[in-house]
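# Residue-level structural notes
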Amino acid sequence: MLSPDQAQSLVESVVNRGTAAGATAADALYAGSLSSSVQVRLGELEDVSRSEGEEIGLRLFVGRQSATVASSDLSDEALATLVDRCLAMAREAPEDPFAGLAPSELLQRGKYPELDSADSAEPDPAELRARALEAENAALAVEGVTNSSGAGASASASIIALATSGGFSGAYRTSGHGLSAVVVAGEGATMQRDYAAQSARHLEDLDTPGEIGALAGERAVKRLNPARPKPGKYPVLFDKRVSSTLLGHFSSAISAGAIARKTSFLQDKLGERLFASGVTIVDDPLRPRGLRSRPFDGEGLRVSRQELVSKGVLKQWIAESASARQLGIVPTGHAARGVGGAPTTSPSNLYLAAGPHSHDELLDAFPEAILIVELIGQGVNPVTGDYSRGAVGFMVRDGEIAEPVAEITIASNLLDMFASLEPASDLEFRRGIDAPTVLIPEMTVAAG
C-alpha cells in the first residue's frame, strides 16, 4: 500500500497522462487497504486472514462523453494501457449533458481539517485472537447462553487519494478496529441468537471485549420464549440498534439523484415541515474520529457540517455534481465513489439529534407499546414511502420492558412516521449513521 504522498503523486500523474492523451478533463482515485482479522469459535481459532489491496480508477471526459476504468496493476505499462482504454471508451460513450468535474470554486483548498481518523495502534494476530476469545468467553459466561456462533476482531488501515484536472489533489489515511460476538441461548426449537458488535477509528474507543461479549449474551437470553402480540395499532419504539435505519430511508429520499429521477417520496417536500418542530437532522463529515469523516468529498469538494432538517423543516437535498446540474442547484459536498464508477451521493456522519426526554420516559409514554430491536426484510417503497417490515422486539407495559415478541410485522408510511416521531435523549455516536431511541406513536402491528 502506498503512503498518502505516494498515492497523491500517482493520481496526479495519471490525470496528467489522461489530459495529455486528449481528454478534455480527468480525475483519478486511488484506494489502498490493509486489514487483518481473526475469528474464533468455542475457544478455537477458526480463521486468520490478512489482506492487502490497492486499485486506481481513472475517469476521462471528451466533451460531455465520459468513461471510467479501474486497475489493480499500478505498473507504468499498465497505467499507460489504462489511459488508452479509458479514452477509447469515453469517445464511444453517449453524451451526458450533466457530466463533468465539480465546480473549481467549490474545491477543497489549503490545509485539511483535523479529523484524527488514523490510529497508530497496529495489533498483531495474537492480540486480535486474545480480544476475540475474551469477548466470546464473556458471552458464554452469561447464564442461559448455550452455544457460540463465534467472535471476531479486526484491524485495518486505508489510504484514499484523489486528483482532478480541475485543480484538486489530496490524500488522507484512515484506520479501523472492530470486535463482535454472536451467541445462542436456549435449546432446540426455542433457541435464540443475538450479537453485539462495535467499530471505531481508534482502538481505545472500542468497548472492552468483556463488555461486548456480555452484551451479546444478555441480548440472546432476553429473546428466549417470544410471544406474538394481538394484532392492532400500537405505539412503537425503535431501539438505537435499528432507529438509524429511518435515517437511511430519509437520506436516500433526499439524494438529488432520486429527486431528478422522480423516485422519492419526498419529491416535492423541500422547504416543508416533515417532522415535529423540535427535530434536527445533521450531517457532519468533520467529526473527529467519525466513521464516515472525510476532509473532502469524492469529487474533491470542501465539506462542512450541515443541518438537513432544522426545526422539523427539510432544508436541502444532498447532491454530487452531475445530479446537482440536473436539478439546477449547487453540489453539496456529498459525492462518494469507488474506483470503478462515477460519483454517487451519500451522507457522511448523519445523525438525528437527541430530544428532551429520556429513553425511560419514552417507554413510559403509553400504557402499552412495542420496542423493536431487529428489523427483517426490505419492505419499504422509496416512491410512496409505504413501510412494512418484519420485526423482533419486546412488549412494553407501564414503562417496563416485558416479554419478547417475534414474527411480527410493523407497517405505516414514512411521511406519517416522520411527522409524529419523537427522539429520546440517548444519542450515541457509534456508527456512520446514528439516532437515539425513537418513538412512533402509532403503527399497525400484525403477527405472523
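Here the structure is shown first, and the text comes after it.
The sections below set out a description of the structure shown in this document.

Rules used in this analysis
Residues numbered from 1 in each chain as written. Predicted model: local features only at pLDDT ≥ 70, side-chain atom pairs only at ≥ 80, totals over all residues. Heavy atoms only, no water. Core = buried A, V, L, I, M, F, W, Y, C linked by side-chain atoms within 4.5 Å. Buried < 20%, exposed > 50% of the residue type's maximum accessible area, 1.4 Å probe, protein only. Helix = DSSP H or I, 4+ residues; strand = E, 2+ residues; numbered from the N terminus. Axes fitted to C-alpha atoms, helices over the stretch in contact; angles between N-to-C directions. Left-handed = near helix turned anticlockwise from the far one by under 90°. Contact = heavy atoms within 4.5 Å. Nonpolar A, V, L, I, M, F, W, Y, C, P; charged D, E, K, R; others polar. Pairing = 2+ DSSP bridges. Expected span 1.5 Å × (residues − 1). Arc of directions from axis to C-beta. Polar contact = N/O pair within 3.5 Å; in protein donor to acceptor, adjacent residues only side chain to side chain. Lys, Arg positive; Asp, Glu negative; His and termini not counted. Salt bridge = Lys/Arg side-chain N within 4 Å of Asp/Glu carboxyl O. Phe/Tyr/Trp six-rings, centres within 6.5 Å; stacked < 30°, edge-to-face > 60°. Lys NZ or Arg CZ within 6 Å of the ring centre and 35° of its normal.

## Section: the nonpolar core
Judged by nonpolar contacts, the single largest core of 42 residues is most densely connected at F238, F250, F275, I281, I372, Y387 and I410. Among the elements that line this core, the one with the most residues is helix 5 (residues 240–253), at 5 residues.

## Focus on the packing of helix 3 (residues 125–140) against helix 4 (residues 209–222)
Running from amino to carboxyl end, helix 3 crosses helix 4 at an angle of 40°, the nearest separation of the two axes being 7 Å. In this structure, the crossing between helix 3 and helix 4 has a hand that is right-handed. Taken together, the residues of helix 4 that come into contact with helix 3 (itself represented by R131, E134, A135, A138 and A139) are P209, G210, G213, A214 and G217. Of the residues contributing to the contact of helix 3 with helix 4, the split by class is 5 nonpolar, 3 polar and 2 charged.

## Considerations on the sheet that holds strand 4 (residues 145–164)
Pairing in this open sheet of 6 strands is antiparallel, and the strands run 3-2-1-4-5-6 from one edge to the other. In this open sheet, the two strands that pair with only one neighbour each are strand 3 (65–71) and strand 6 (192–200). Direction aside, the axes of adjacent strands within the sheet are offset by 20° on average. Bridge analysis of strand 1 (residues 25–41) against strand 4 gives 14 bridges, and the strand direction is antiparallel. The partner of A28 across the bridge, within strand 4, is A163. Contacts between helix 2 (residues 76–92) and the sheet are confined to strand 2 (44–62) and strand 3, with strand 3 contributing the most and set at about 150° to the helix. Across the sheet, helix 4 touches strand 4, strand 5 (169–185) and strand 6, and the angle it forms with strand 6 is around 150°.

## What to know about helix 2
A rise of 1.5 Å per residue sets the reference length of helix 2, with its 17 residues, at 24 Å; its end C-alpha atoms lie 25 Å apart and thus fit the reference within 8%. Every buried residue of helix 2 is listed here: A78, L79, L82, V83, C86, L87 and A90. Taken around the axis of helix 2, the buried residues stretch over an arc of 165°, which confines them to a single face. Looking at helix 2, the residues exposed on the side facing more than 90 degrees away from the buried face are E77, D84 and E92. Structurally, helix 2 contributes buried residues whose contacts are with helix 1 (4–20), strand 2 and strand 3.

## A closer look at the sheet that holds strand 8 (residues 281–283)
One open sheet holds the 5 strands; their spatial order is 10-9-8-13-18, and the pairing between them is mixed. Strand pairing shows two members of the sheet lacking a second neighbour, strand 10 (313–314) and strand 18 (433–434), which therefore form its edges. Pairing between strand 8 and strand 9 (residues 306–310): 3 bridges, direction antiparallel. Each bridged residue has a counterpart across the sheet, and for V282 the counterpart in strand 9 is E307.

## Description of helix 3
Across its 16 residues, helix 3 extends 22 Å between first and last C-alpha, which sits within 8% of the 22 Å expected from 1.5 Å per residue. Of the surrounding secondary structure, the elements contacted by the buried residues of helix 3 are strand 1, strand 4, strand 5 and helix 4.

## Remarks on the pairing of strand 1
Across 17 bridges, the pairing between strand 1 and strand 2 is antiparallel. Across the sheet, the residue bridging to V38 is V48, located in strand 2. Between strand 1 and the antiparallel strand that follows it, strand 2, lie 2 residues; L42 among them carries a positive phi value of about 50°.

## Things to note about the environment of G144
By the element assignment, G144 lies in the loop between helix 3 and strand 4. For G144, a relative accessible area of 32% puts it in the partly exposed group. Separated by 73 residues in the primary sequence, G144 and G217 place their C-alpha atoms 8.2 Å from one another.

## Some thoughts on the side chain of S251
Tracing the backbone shows S251 in helix 5. In this structure the side chain of S251 is engaged in a polar contact, spanning 3.1 Å, whose partner is the backbone oxygen of G248.

## Digging into unusual backbone geometry
In the Ramachandran plot, R289 falls in the positive-phi region, its phi being about 65° despite a non-glycine side chain. Counting through the fold element by element, R289 comes out in the loop between strand 8 and strand 9. A positive phi angle, close to 55°, is found at K311, a residue other than glycine. Relative to the elements of secondary structure, K311 occurs in the loop between strand 9 and strand 10.

## Notes on the side chain of E320
Along the chain, E320 falls in the loop between strand 10 and helix 7 (321–327). Summary of buried charges: E320 has no salt-bridge partner, and the nearest side chain of opposite charge, R325, is 7.4 Å away. There is a polar contact of 2.6 Å between the side chain of E320 and the side chain of T345.

## Examining the pattern of salt bridges
Evaluation of the coordinates by the stated rule reveals 16 salt bridges. The partner of D207 in a salt bridge is R430, and the shortest N-O contact between them spans 2.7 Å. In this pair, D207 sits in the loop between strand 6 and helix 4 while R430 sits in the loop between strand 17 (422–423) and strand 18, placing the two residues 223 residues apart along the sequence. Ionic pairing is found between R397 and E403, a salt bridge with its closest N-O pair at 2.6 Å. Residue class for E403 comes out partly exposed when judged on its relative accessible area of 28%.

## Some thoughts on the packing of aromatic side chains
In total, this model carries 8 aromatic pairs according to the counting rule given. Measuring from centroid to centroid gives 5.6 Å for Y112 and F296, while their planes differ by 55°, and the two rings are tilted. Separated by 184 residues along the polypeptide, Y112 in the loop between helix 2 and helix 3 and F296 in the loop between strand 8 and strand 9 bring together distant segments of the chain. A ring pair is formed by Y351 and F429, whose centres lie 4.9 Å apart and whose planes are at 70°; its orientation type is edge-to-face. Of this pair, Y351 sits in strand 13 (residues 350–352) while F429 sits in the loop between strand 17 and strand 18, and the two are 78 residues apart along the sequence. The class for Y351 is buried, based on a relative accessible area of 11%. What makes F429 partly exposed here is its relative accessible area of 43%. Through successive ring pairs, a cluster of aromatic residues spans Y112, F168, Y172 and F296. Its end group placed over the ring of Y195, R241 keeps NZ or CZ at 5.0 Å from the ring centre.

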